[in-house]
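The lines below spell out each chain.
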Amino acid sequence: MPILSDIPPDIRRAACAFHEAGHIVVGWHHQRSITHAWLRPPYGFSGETCFEPYRRGFQPDRAVDRERAEVEITILSAGHCGEMIYWNEGEGSKWYPGELHSHADDLDQMTSYIALLRPPDEAVMRARCARAATAILYQPRMRLAHAAIARRLFDHRRIDRDEVDEILGRGTAAGRVSPAQSGGR
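The rules behind the values
- Residues numbered from 1 in each chain as written.
- Predicted model: local features only at pLDDT ≥ 70, side-chain atom pairs only at ≥ 80, totals over all residues.
- Heavy atoms only, no water.
- Helix = DSSP H or I, 4+ residues; strand = E, 2+ residues; numbered from the N terminus.
- Contact = heavy atoms within 4.5 Å.
- Buried < 20%, exposed > 50% of the residue type's maximum accessible area, 1.4 Å probe, protein only.
- Pairing = 2+ DSSP bridges.
- Axes fitted to C-alpha atoms, helices over the stretch in contact; angles between N-to-C directions.
- Salt bridge = Lys/Arg side-chain N within 4 Å of Asp/Glu carboxyl O.

**Some words on the environment of Ser46**
Step number 1: Summarising the element assignment, Ser46 is placed in the loop between strand 1 (34-39) and strand 2 (47-51).
Step number 2: Separated by 64 residues in the primary sequence, Ser46 and Met110 have C-alpha atoms spaced 18 Å apart.
Step number 3: In contact with Ser46, not counting residues within four places along its chain, are Cys16, Trp38, Leu39 and Arg40.

Below you can see the structure in the form of structure tokens.
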């Protein structure tokens with residue numbers, strides 16, 4: 001397995017773009033509105049995806065908030081899942097470093113949602129959310145959108161809501177879950 005520093009910069013940047021695009025596509029599927037995503041300077045080896053904040057907080061006794069918390073864990077899982085699509089295919093496959101550290105921030109962000117849900121087995125919940133994210137990303141239409149968003153991020157280091165809407169289809173409900181299914185935002 002290659003040492004991370006031996007991996008060409010374009011390969012590392014593409015992996016990061018696929019990571020952030022995973023968050024975007026799964027968030028869009030669950031009707032989370034993105035504000036922007038970007039690959040951090042100077043090299044684009046890390047990134048950030050920002051969604052519109054919720055209008056109200058989470059209450060553990062409300063079923064809709066518990067569903068929203070699980071959706072957030074799924075969206076956070078989607079970065080790693082999206083990045084693995086890159087590492088498992090094409091040019092990325094020969095450079096796969098064997099262990100990804102890019103998911104640590106996402107795992108940290110899951111902590112508050114997991115604390116709210118208090119599942120009997122956190123690993124089982126995280127695995128279920130990762131499978132849900134992967135299932136979304138492997139839908140044919142979403143795979144195309146995932147690759148297009150990653151390409152835009154790779155080329156320009158940033159993507160905004162309008163560009164995401166253009167790629168995923170502004171105003172279309174295809175591929176999206178209803179507000180009732182997604183926890184009612």
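**Description of unusual backbone geometry**
Step number 1: Pro42 follows Pro41 through a cis peptide bond whose omega is 5°.
Step number 2: Following the sequence through the fold, Pro42 ends up in the loop between strand 1 and strand 2.
Step number 3: Here Arg118, not a glycine, exhibits a phi torsion of approximately 45°, which is positive.
Step number 4: For Arg118, the location among the structural elements is in the loop between helix 3 (104-117) and helix 4 (122-137).
Step number 5: The phi dihedral of Arg157 falls on the positive side, at around 65°, and the residue is not glycine.
Step number 6: Mapped onto the elements, Arg157 comes out in the loop between helix 5 (140-156) and strand 3 (158-160).
Step number 7: Arg157 gets classed as partly exposed once you look at its relative accessible area, which sits at 30%.

**Considering the sheet that holds strand 3**
Step number 1: Pairing in this open sheet of three strands is antiparallel, and the strands run 2-1-3 from one edge to the other. In this open sheet, the two edge strands, each paired with only one partner strand, are strand 2 and strand 3. Going across the sheet, the axis of each strand differs from the next one's by a mean of 5°, ignoring polarity.
Step number 2: Bridge analysis of strand 1 against strand 3 gives three bridges, and the strand direction is antiparallel. The residue of strand 3 that forms the bridge with His36 is Asp160.
Step number 3: The strands that helix 5 touches are strand 1 and strand 3; relative to strand 3, the one it contacts most, it runs at about 125°.

**So, the pattern of salt bridges**
Step number 1: Considering all chains together, one arrives at 13 salt bridges under this definition.
Step number 2: Among the salt bridges present, the one from Arg126 reaches Glu122, with a minimum N-O distance of 3.5 Å. Taken as a pair, Arg126 and Glu122 lie in helix 4 at a separation of four residues, close to a single helical turn.
Step number 3: On the basis of relative accessibility, which here comes to 42%, the residue Glu122 falls in the partly exposed class.
Step number 4: Through salt bridges with shared partners, a single network forms among Arg56, Arg62, Asp65 and Arg68.

**Observations regarding the pairing of strand 2**
Step number 1: Taken across its five residues, strand 2 has four buried, putting it largely inside the fold.
Step number 2: One ladder, built from five bridges, connects strand 1 with strand 2; its direction is antiparallel. From the neighbouring strand, Trp38 faces strand 2, where its bridge partner is Glu48.

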